[in-house]
Structures are given as C-alpha cells and as structure tokens.
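Now for the letters of each chain:
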Amino acid sequence: MSQILIIYTGGTIGMMSDPVTKVLKPINFEQIMDNVPELEKLNCRIKVHSFDEIIDSSNMNPEIWSELAGLIQANYHDNDGFVILHGSDTMAYTASALSFMLENLGKPIIFTGSQLPISAIRTDAKENLMTAIEIAKAKKNDRARVPEVCIYFDYKLFRGNRAFKYNSSKFEAFRSPNYPILAESGVHLRFSVNDIRQPEEESALIIHNNLVNDVGVLKLYPGISPKVVKNILSADVRGIVMETFGAGNTTTDAWFIDLLKNAIDSGKVILDISQCKVGTVELGRYETSKHLKDIGVANGYDMTFESAVTKMMYLLGQSDDPLQVKEWLETDLRGEITVS
C-alpha cells in the first residue's frame, strides 16, 4: 500500500468563511479532512504535515521553499509521493523553484489547491485533492508514473515549471501553452507517457537550498525611458530577467544596447524571455534581437516568467561566474525549456 505525505501550507483550499465577518480565514487540516470523508476510501496511507503558521501564498519566499525541500528530503524514503496544498497565486513559482532545487527526483510532488474553499458547496477543492493523491500514488511496474514536480488543477496535470496562473475567477486557473499536459482526469486517469520526464538512472536525491534572490526584472514597453532602464540595470542585483517583445525583440536605440552591455560587462547576467505566453525567444532572428545576442544576453527560449525568476535564483546560488550562469540558463535542466 502506497504512503503519501500531504504538506499543508495554506491557500484558499484551507479557508472557511467567518460566520460573522464573512471574511475567509484559515482552518486546520483536520477540518479539511472532515470535509473530504472520501479520503478514507483511497487505497493508500496518508500522513499530514501542516505548517505551524498557515501561509497565504502571497507571502511565499525562498526560505519557505527551502523548508519545503527539507521536508521532502527528510521524508523522501518513507513515502511514495507528496501532495503539497498551496495557494494558487504563487503556486507556479514554488513548483518551479522546487523543480530546480530537487535534483535526481524520482517521486511525484503534486501541487494543488482550489479557487473556492473546501467547505463551499460548489468547491473544486475535493476533486483537486483526491486526484492529486491518486496521481501521487500512481505506479507502473513499481515505478512512479510521474516522477516530477507538477501542478494538478481542474482535471489537468501540468509540469510545474511550465505552468502559470492565468485566471483568478475560473476553476481552470492554470495553463501550459508551450508544453503538453502530463495527464488528464476523466472517467480514467490518462497519462501522456512520452511527455513525462523519467530519471536517467537511480540516483540519490540532491537538495539545493542555496537560492540567491538578487534578481531584478526589466519589462519593456514602447517609450520606456533611459532613466527607467538605467535605474533597473544599475540596481544591486546579480541577475536581470528581461521581458521583451515577440520572439525576444527590443528597441535598437544605441542608448538601450549600451546600457545592457555595460550591465553585462559589470558582471550581471541578463536573461531574455518573451512577454508572449506562447512561442519562444529566437535571438538573432530579427535585427531587433541580433544586438542582444552579440553583447551576451542569455536566451530564455520558451521559459515562463515564474520559471525564469526561480531558475535565475537557483543558478546564482550555484556559481559566481556569470558566463557559467548564462550557459546553464540556456540549458534545459528540468524540462523547463524547449531548445530546438
């Protein structure tokens, strides 16, 4: 019989409306269990670790990610899979971060939550929780069906570092436009076997806890001023995620290229990702991106913003060499990018 560890961090799934103020407030996991008696029918043993202080996902940070990674490491050998209950607003950031922090992962880590509290009549929480557990314990030939960090929401399983929250008012909260879903829940659970990453060999789990959050963000828009760009690029950070137009294009104005080059020459790493949700950065395809390639801007291909930020944090913690960080940024480490 499989054993699953549920880690309860907080989020809407564990909220209940105060009868007086009508404001949503956190409840403990025992109250969640009271609302899902069907959990007893699952053919697995369930253990629960609840954070001492329930966290609104807007307060997520690298220290909490490290705590989650440590919990998984401490309980890795005693459990067949993990389900992490998490607020949906920053779920994709946490899932992306853990995908980089957990090297040689061979067991499922399934993030889920809900758009409505578990006590609500029309809640999506019960199905999300039940199926997340089903996926976490799913095996074939005694091996985990999905040994990845994933997000399960509204009948679909996404690779964690490929998904982003796009809707705050529908049950279909997440999308993954640049990578196929890993499984779909209907009458049966159907896994997309060819799209699921498998460990190359049986290796010990390695935890990388050294995340460096010296990361700035430069989002371009028509008419952005030299003063704004200079202030961002001169910030006391080691990495910049630059959100560009289309296939990675920017203005070719000399002042802009010079500011980028000066930042790179000073030791900063600049990563180019697109503001478009679908498609990929193609540095050098247009004249408006050729200059970026020439001065050493890193190609972010089709990374999500969430994945780009957390990958930068992870790599800055791995190396002090900007050229090494740039090389790793352009390398597919955990299935986060498509390199043609």
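Because the structure is a prediction, the values reported are computed rather than measured. (Residues numbered from 1 in each chain as written. Predicted model: local features only at pLDDT ≥ 70, side-chain atom pairs only at ≥ 80, totals over all residues. Heavy atoms only, no water.)

1. Considering the environment of G160
Point 1. For G160, the position within the fold is in the loop between β11 (156-159) and β12 (164-165).
Point 2. Distance in space between the C-alpha atoms of G160 and V193 is 16 Å, their sequence separation being 33 residues. (Helix = DSSP H or I, 4+ residues; strand = E, 2+ residues; numbered from the N terminus.)

2. Observations regarding the pairing of strand β1 (residues 2-8)
Point 1. Taking burial as the measure, the seven residues of β1 include seven buried ones, the bulk of the element.
Point 2. Judged by which residues are buried, β1 turns out to be covered on both faces: S2, I4, I6 and Y8 on one side and Q3, L5 and I7 on the other are all buried.
Point 3. The pairing of β1 with strand β5 (residues 81-85) spans five bridges and is classified as parallel. Each residue of the ladder has a partner; that of I6, found in β5, is V83. (Buried < 20%, exposed > 50% of the residue type's maximum accessible area, 1.4 Å probe, protein only. Pairing = 2+ DSSP bridges.)

3. Re the packing of helix α2 (residues 62-75) against helix α3 (residues 91-101)
Point 1. Following both chains from N to C, one finds α2 and α3 inclined at 55°, their axes separated by 10 Å at the closest point. The pairing of α2 with α3 is recorded here as oblique in orientation. In this structure, the crossing between α2 and α3 has a hand that is right-handed. Every residue of α3 that contacts α2 at W65, S66, L68, A69 and I72 is listed here: Y93, T94, A97, L98 and M101.
Point 2. Classifying every residue of the contact of α2 with α3 by side-chain character gives eight nonpolar, two polar and no charged. (Axes fitted to C-alpha atoms, helices over the stretch in contact; angles between N-to-C directions. Parallel < 35°, antiparallel > 145°, perpendicular 65-115°, else oblique. Left-handed = near helix turned anticlockwise from the far one by under 90°. Contact = heavy atoms within 4.5 Å. Nonpolar A, V, L, I, M, F, W, Y, C, P; charged D, E, K, R; others polar.)

4. Focus on the domain arrangement of the chain
Point 1. In terms of domains, the chain is made up of domain 1 (3-207) and domain 2 (215-330).
Point 2. Measuring from the centre of the C-alpha atoms in domain 1 to the corresponding centre in domain 2 gives 31 Å.
Point 3. Taken together, the contact between domain 1 and domain 2 spans 14 residues of the former and twelve residues of the latter.
Point 4. Ranking the residues of domain 1 by area buried against domain 2 places Y93, F100 and N178 at the top, with a combined share of 48%.
Point 5. Our enumeration of links across domain 1 and domain 2 arrives at one salt bridge.
Point 6. The closest approach of N and O atoms between R162 and D302, which form a salt bridge, is 3.0 Å.
Point 7. Counting the contacts that link domain 1 with domain 2 gives three residue pairs in polar contact (both at pLDDT 80 or more).
Point 8. Counting only elements with at least two residues in the side of domain 1 that touches domain 2, the list comes to α2, α3 and β12.
Point 9. The biggest single contributor to the side of domain 1 that touches domain 2 is α3, with five residues.
Point 10. Classifying every residue of the side of domain 1 that touches domain 2 gives nine nonpolar, three polar and two charged. (Domains from an automatic or database assignment. Buried area = accessible area lost by both parts, 1.4 Å probe. Salt bridge = Lys/Arg side-chain N within 4 Å of Asp/Glu carboxyl O. Polar contact = N/O pair within 3.5 Å; in protein donor to acceptor, adjacent residues only side chain to side chain.)

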